[in-house]
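An overview of the molecular structure
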Number of protein chains: 2
Amino acid sequence: MSTNPTIIRTKASDNVGIVTSELGLSTGTVIVDGAVLLQDIPMGHKVALSEIKENAAVIRYGETIGYATSSIRAGEWVQESKISLPLPPDIDSIALPDGKRQKPQPLEGYDFQGYRNPDGSVGTKNVLGITTSVQCVAGLTQYAAKRIKRDLLPKYRNVDDVVALNHTYGCGVAINAPTAIIPIRTIQNITLNPNFGGELMVIGLGCEKLRPDWLTPDNDTSNILYMQDEAFHGFSEMIDGVLLMAELHLKKLNQRKRETCAASELVVGMQCGGSDSFVGLTANPAAGFAADLIVRAGGSVMFSEVTEVRDAVHLLVPRTINAEVGRALLDQMKWYDDYLRQGQADRSANPSPGNKRGGLSNVVEKALGSIVKSGTSPIVDVLGPGEKIRRKGLTFLATPASDFVCGTLQLSAGMNLHVFMTGRGTPYGLPMVPVIKVGSNSKLSNRWFDLIDLDAGPIATGEKTTEEVGWELFHLILDVASGKKQVACDKLGLHNDLVLFNPGPLT
Amino acid sequence: MSTNPTIIRTKASDNVGIVTSELGLSTGTVIVDGAVLLQDIPMGHKVALSEIKENAAVIRYGETIGYATSSIRAGEWVQESKISLPLPPDIDSIALPDGKRQKPQPLEGYDFQGYRNPDGSVGTKNVLGITTSVQCVAGLTQYAAKRIKRDLLPKYRNVDDVVALNHTYGCGVAINAPTAIIPIRTIQNITLNPNFGGELMVIGLGCEKLRPDWLTPDNDTSNILYMQDEAFHGFSEMIDGVLLMAELHLKKLNQRKRETCAASELVVGMQCGGSDSFVGLTANPAAGFAADLIVRAGGSVMFSEVTEVRDAVHLLVPRTINAEVGRALLDQMKWYDDYLRQGQADRSANPSPGNKRGGLSNVVEKALGSIVKSGTSPIVDVLGPGEKIRRKGLTFLATPASDFVCGTLQLSAGMNLHVFMTGRGTPYGLPMVPVIKVGSNSKLSNRWFDLIDLDAGPIATGEKTTEEVGWELFHLILDVASGKKQVACDKLGLHNDLVLFNPGPLT
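Residues numbered from 1 in each chain as written. Chains lettered and ligands numbered in written order. Predicted model: local features only at pLDDT ≥ 70, side-chain atom pairs only at ≥ 80, totals over all residues.

Digging into the overall build of chain A
Put simply, the rule reads: Numbering of helices and strands runs from the N terminus, with a helix taken as a DSSP run of H or I at least four residues long and a strand as a DSSP run of E at least two residues long. Values of the radius of gyration come from C-alpha atoms, whereas the globule rule sets the reference at 2.2 Å times the count of residues to the power 0.38. Partly exposed residues are those whose C-beta has more than 12 but fewer than 20 other C-beta atoms within 10 Å; 20 or more makes a residue buried and 12 or fewer makes it exposed, with C-beta atoms placed from the backbone. Contact definition: two residues whose C-beta atoms, as placed from backbone geometry, lie within 7 Å.
Helices and strands together make up the secondary structure of chain A, namely 13 helices and 21 strands. Against the 2.2 N^0.38 benchmark of 23 Å for 507 residues, chain A shows a C-alpha radius of gyration of 24 Å, consistent with a compact globule. Oriented by its inertia axes, the alpha-carbon framework of chain A measures out at about 80 × 45 × 45 Å. Taking all 507 residues of chain A together, the buried fraction comes to 63%. Residue pairs in contact within chain A that sit at least 24 positions apart in sequence constitute 69% of those at least 6 positions apart.

Written as structure tokens, this is what we have:
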């Protein structure tokens, strides 16, 4: 990466660079290769480093992000309107890998203080979760969680939180529609998240389609309480019932103790949201470096967001460990292409206006910057939305790019730690799993000093290298996983609800 | 309606009756027309009142709910398996009305104490609403609402509540997909709900697709606050900004005063959920009677739930005031048929298992019982999901039957009072608008004494007539609209979130 204090060019073949100066750059500034800025260009936006002829490729990250709609002079601002969107990589013509991928070099000696669970998984928080088999019950679980926090939680010092895992799945979801399996398995797998320590409660209504015993391991029914249970005379008796059951679980959770666990027990979900042009230069490369460290330490990393990898999938397939995994990745892309087509939408719906104002011209550029967070490790597995992680190493979990939905699916896949990169800034946070927020630029990180956990901005200014920030992130992950450091959103109590992915119809 | 203490037959042509006795009826019991029960039949289930030959119509509400799959003897339990599902009414062969509908007989002299708004609408509660242009902000609005309630609300005695109108609309929704208009206009119209008195706040992120000024009347921007506003240094300054803005609105809301408003200012949304066989016999007929009273008093009533009127639409089209409204109703049915087909689902996904255990065999029977809540008034208008009510009288608002989604859409259409009928029991409740819960059977109403506001059960036992309970409901509506009586879910603070209808894809 050739760095200049004010412009970044990622690969030598790039014919555009990114303005990294907070105030942007003014006309006349001399930049790389002696080119002179022909106009003012704001931070995060692209400048042509050499002349780009009409219809010639605009190259960033060493890849074509589009074609010049008219000739662009060196020093000109390369705005969205000057780049035509190329076709996405043709799925049928991408060669599957030959299976000869090098194993990552092992990294030893890193551990964290986690909660080891009976099923072998390791938690990073100690949370009493209350899930529901139907959205009708959401009012009660909300109410109950508040009461448990007020009346019981103070007695159980080792328990971090009580969380109602509310969702919008209900009998209105056509349960026999082929895609209904997605929200159903999502809710099921969320209950297995290591941070709940197997002590989850299920509140049912009593007449729903999705049976509450589908939400407990081995169809155990001792954790289930039905509102329609005739034993309850009125709401306050129901709440008494919930409190009684909660106390049993709190007692057990309270006995959980942190112990030394190898870094190989980390299951980290990587996501970005509210991206700008910097995310792909600073935060995502640092996250990718940290992802590689976790994989080298024997841990698990997930990355996701189908529409944000779709245009870079030709770079990912060669990284899959064998033809089967490569094909699974392409199958997920195809499924999503069809899903969007059916809704008469396409990938151009992404990026958002915020992304664009941040300098991202189109979804190709966004994708190239997005996949960087996966690092360089081999992709060992591909999961559909709502599926649970199966292998150590780097997994692609197919999800929408929509932040809350992606986070919900990574949670259900079993992450015990979440890393969230942002450039424009979003207050994203989950109560079940610590969310480390990485700012892509110092302007945001400084302004949002109490919302951003780690500033990757110094990479853009050359004050720090990607490797340095990557190591910082890795150590922060271990500290947060150990409960030694609290993330910003947990300090504030700033959390959002889960959002299910339900591609099927409502009745 | 021919009533026997233990069996109800709605129309003389019915060849099935409904067991109304709480404990069910035992083999050997002599019922209507001298028929003898051939087996034990639980409460809410159907008994054949005369022999029904194989393939003959099974008739309830004077309508065919299906055909006997094999011969059924008088006194036999008519279970779901014994009835084949008929085809839905053929949309293209339903005759449009001739426009000669009688005007309802005026009902005068009823009023309530409401909050009259500058735009002419009338509120029944006085609520500070905080909406968002993007789901990213949900964590902050939740947090802010709590702080406002704790720090400011106690100073403003006339304000009932502070509510974060959180939703899951975000940049992940393909904004250019044809159906994206549905969630967008829903969020827009919610801001106009009369209970917010035009004093709604909008919190934006600052980089979203849906511009926050789309959520304020006349694109007024003075009510908007952006998290990404560079004036805010950190989260706590954002919250200070929200509190400052909230105080301005609370001051104005605090000056609102209830005044006498004619019953014609009522805008009542009728919905049922968690239905049993009784809902169509007790709660819905009483609601229908009350709906007629409101319409006669010049007010507005909405009913909804497409999949639950689809099979009875041939009974509704003749009630529309002209061919245009009739066609609009059929168009909504067609749209939904296509929508379900595209998701490879169909109307048989409704009823739910709870409905079935409650005695409802299929969606035809459910629909016939469901439309009863619309009363007998002419249907003056038909709205698509997310549209705002335009006319006084009875309107059909096309929505999914899913409770939270239907309620959200009725809220956005402008209801100032919600009536919710239930048989199995659901803790449904909204904080923005009072929700009156009507129980369809006394067994439920007694058990859920602190969750159900009105028991329609005595209609089944013959202790009260439909008219009596209908008048009770009408008076209760006026009292609740006046703030004289508090509904059960408000007393408990038992409320659920809004759920948007987004038929389009997520990116």
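Description of the pairing of strand β12 (residues 201-204) of chain B
Residues and elements named next belong to chain B. Here is the rule we go by: Here, a strand pair is defined by DSSP locating no fewer than two bridges between the strands.
Residues Met201 and Ile203 line one face of β12 and the alternating positions Val202 and Gly204 line the opposite face, and both faces are buried. Summarising the sheet, strand β10 (residues 127-132) and β12 pair through three bridges and their orientation is parallel. What sits directly across from isoleucine 130, in β12, is methionine 201. The sheet contact formed by β12 and strand β13 (residues 224-226) spans three bridges and is parallel. Of the residues in β13, the one forming a bridge with valine 202 is isoleucine 224.

Some remarks on the sheet that holds strand β7 (residues 83-84) of chain A
Residues and elements named next belong to chain A. For the record, the criterion: Fitted lines through C-alpha atoms give the axes, limited to the stretch in contact for helices. The angle between two N-to-C directions lies from 0 to 180 degrees.
Pairing is antiparallel across the open sheet formed by three strands, whose spatial order is β5-β6-β7. Of all the strands in the sheet, just β5 (57-60) and β7 have a single pairing partner and so form its edges. Each of β5 and β6 (63-68) touches helix α8 (residues 363-370); the most contacted strand, β6, lies at about 165° to it.

Here we look at the relation of the copies chain A and chain B
Applied cut-off: The copies were overlaid with a least-squares fit restricted to C-alpha atoms from residues scoring a pLDDT of at least 70 in each copy.
With an axial shift of 0.0 Å and an RMSD of 0.0 Å, the rotation relating chain A to chain B amounts to 180°. Such values leave the two copies arranged in the relation of a two-fold axis. An overlap of 100% is found between the interface residues of chain A and their copies at the interface of chain B, pointing to a shared contact surface.

Details of unusual backbone geometry
Residue and element names in this part refer to chain A. Despite not being glycine, tyrosine 61 has its phi angle at roughly 55°, a positive value. Relative to the assigned elements, tyrosine 61 resides in the loop between β5 and β6. One non-glycine residue with positive phi stands out, namely glutamine 344, at about 55°. Its location among the elements puts glutamine 344 in the loop between α6 (323-342) and α7 (353-357).

Description of the domain arrangement of chain A
Residue and element names in this part refer to chain A. Applied cut-off: Domain delimitation in this document rests on an assignment produced automatically or drawn from a domain database. Gly is put with the polar residues, along with every residue not named as nonpolar or charged; the nonpolar set is Ala, Val, Leu, Ile, Met, Phe, Trp, Tyr, Cys and Pro, and the charged set is Asp, Glu, Lys and Arg.
Considered domain by domain, chain A is made up of domain 1 (2-84), domain 2 (127-255) and domain 3 (277-492). Counting residues at the interface gives 17 residues for domain 1, matched by 15 residues for domain 3. Residue composition of the side of domain 1 that touches domain 3, grouped by class: six nonpolar, six polar and five charged.

Side note on the interface of chain A and chain B
Listed per partner, the contact involves 71 residues of chain A and 71 residues of chain B. Where the side of chain A that touches chain B is concerned, the elements lending two or more residues are α1 (138-151), α3 (235-254), α6, α7 and α9 (403-413) of chain A. Its residues assigned to classes, the side of chain A that touches chain B shows 34 nonpolar, 27 polar and ten charged.

Comments concerning the sheet that holds strand β8 (residues 111-116) of chain A
Residue and element names in this part refer to chain A. As summarised here, the arrangement of the three strands in space is β9-β8-β14, forming an open sheet in which the pairing is antiparallel. At either end of the open sheet lies a strand with only one pairing partner, and these are β9 (122-123) and β14 (258-262). One ladder, built from five bridges, connects β8 with β14; its direction is antiparallel. Within the sheet, the bridge partner assigned to glutamine 113 lies in β14 and is threonine 260.

With respect to the packing of helix α4 (residues 283-296) of chain B against helix α12 (residues 466-481) of chain B
Residues and elements named next belong to chain B. Formally: Note on angle classes: values under 35 degrees are labelled roughly parallel, values over 145 roughly antiparallel, values of 65 to 115 roughly perpendicular, and the remainder oblique. The handedness criterion is simple: a crossing whose near helix is rotated anticlockwise from the far helix by less than a right angle is left-handed, and one whose near helix is rotated clockwise is right-handed.
Interaxial distance between α4 and α12 falls to 8 Å at its minimum, and their mutual angle equals 60°. Put simply, α4 runs oblique to α12. Helix-helix and strand crossings are classified by hand; for α4 and α12 the assignment is right-handed. Contact with α4, carried on its side by Pro285, Ala286, Ala287, Phe289, Ala290 and Leu293, involves Thr466, Glu467, Val469, Gly470, Leu473, Phe474 and Ile477 of α12 and no other residues of that element. Within the contact of α4 with α12, the residues separate by chemical class into ten nonpolar, two polar and one charged.

Things to note about the nonpolar core
Going by this rule: Put simply, a nonpolar core is buried Ala, Val, Leu, Ile, Met, Phe, Trp, Tyr and Cys residues tied into one set by C-beta atoms within 7 Å.
One finds Val47, Val438 and Ile477 of chain A together with Val438 and Ile477 of chain B to be the most contacted residues of the largest nonpolar core, which totals 337 residues. Residues in contact with valine 438 of chain B, not counting those within four places in the same chain, are Ala283, Ala286, Ala287, Val419, Phe420, Met421, Asp453, Leu454, Ala456 and Leu473 of chain B.

What about the environment of phenylalanine 232 of chain B?
Residue and element names in this part refer to chain B. Positionally, phenylalanine 232 belongs in the loop between β13 and α3 (235-254). Residues phenylalanine 232 and isoleucine 436, spaced 204 residues apart in sequence, show a C-alpha to C-alpha distance of 42 Å. When sequence neighbours within four positions are dropped, the list of residues in contact with phenylalanine 232 reads Glu237, Met238 and Gly241.

Observations regarding helix α6 (residues 323-342) of chain B
Residues and elements named next belong to chain B. The line we're drawing: By definition here, a helix of n residues has an expected span of 1.5 Å times n minus one. Directions are taken from the helix axis to each C-beta atom, and the arc is the one they span.
Compared with an ideal rise of 1.5 Å per residue, which puts 20 residues at 28 Å, α6 spans 28 Å between its outermost C-alpha atoms and is within 8% of the ideal. Taken together, the buried positions of α6 are occupied by Val325, Gly326, Leu329, Leu330, Gln332, Met333, Tyr336 and Leu340. For α6, the angular spread of the buried residues around the axis is 150°, confining them to a single face. Away from its buried face, by an angle of more than 90 degrees, α6 presents the exposed residues Lys334, Asp338 and Arg341. In the core, the buried residues of α6 are packed alongside α5 (313-316), β17 (379-383) and β18 (393-397). Immediately downstream of α6, the backbone of glutamine 344 shows phi near 55°, a positive value.

Description of the packing of helix α2 (residues 181-190) of chain A against α9 of chain A
Two quantities define a packed helix pair, namely the angle between the helix axes and the distance between the axes. All names here are of chain A. For the pair α2 and α9, interaxial distance at closest approach is 7 Å and the crossing angle is 55°. Between α2 and α9, the angle is such that the two are oblique. The two elements α2 and α9 cross, and the hand of that crossing is left-handed. Across from Thr186, Asn189 and Ile190 in α2, the residues of α9 making contact are Thr408, Leu409, Leu411, Ser412 and Ala413. Residues belonging to the contact of α2 with α9 are distributed by class as follows: four nonpolar, four polar and no charged.

Side note on helix α4 (residues 283-296) of chain A
Residues and elements named next belong to chain A. Taking 1.5 Å per residue as the helical rise, α4 with its 14 residues ought to reach 20 Å, and the 20 Å between its terminal C-alpha atoms agrees with that figure. Most of α4 sits inside the fold, with 14 of its 14 residues counted as buried. Just past α4, the residue glycine 298 takes up positive phi, approximately 95°.

Quick word on the confidence of the model for chain A
Rules: What pLDDT reports is the predictor's confidence in each residue, on a scale of 0 through 100.
Per-residue pLDDT for chain A has a mean of 93; in total, 99% of the residues score no lower than 70. The ipTM value of the predicted complex is 0.91, and its pTM value is 0.94.

So, the environment of glycine 359 of chain A
Residues and elements named next belong to chain A. Examined against the element boundaries, glycine 359 turns out to sit in the loop between α7 and α8. Sequence separation between glycine 359 and serine 277 is 82 residues, and the spatial gap between their C-alpha atoms is 5.0 Å. Residues contacting glycine 359, with those up to four places away along its chain left out, are Ile18, Gly44, His45, Lys46, Asp276 and Ser277.

Describing the environment of aspartate 453 of chain B
By the secondary structure assignment, aspartate 453 of chain B is in the loop between α10 (442-447) and β21 (454-455). Aside from chain neighbours lying at most four places away, what touches aspartate 453 of chain B is Ile436, Lys437, Val438, Leu476, Val487 and Ala488 of chain B.

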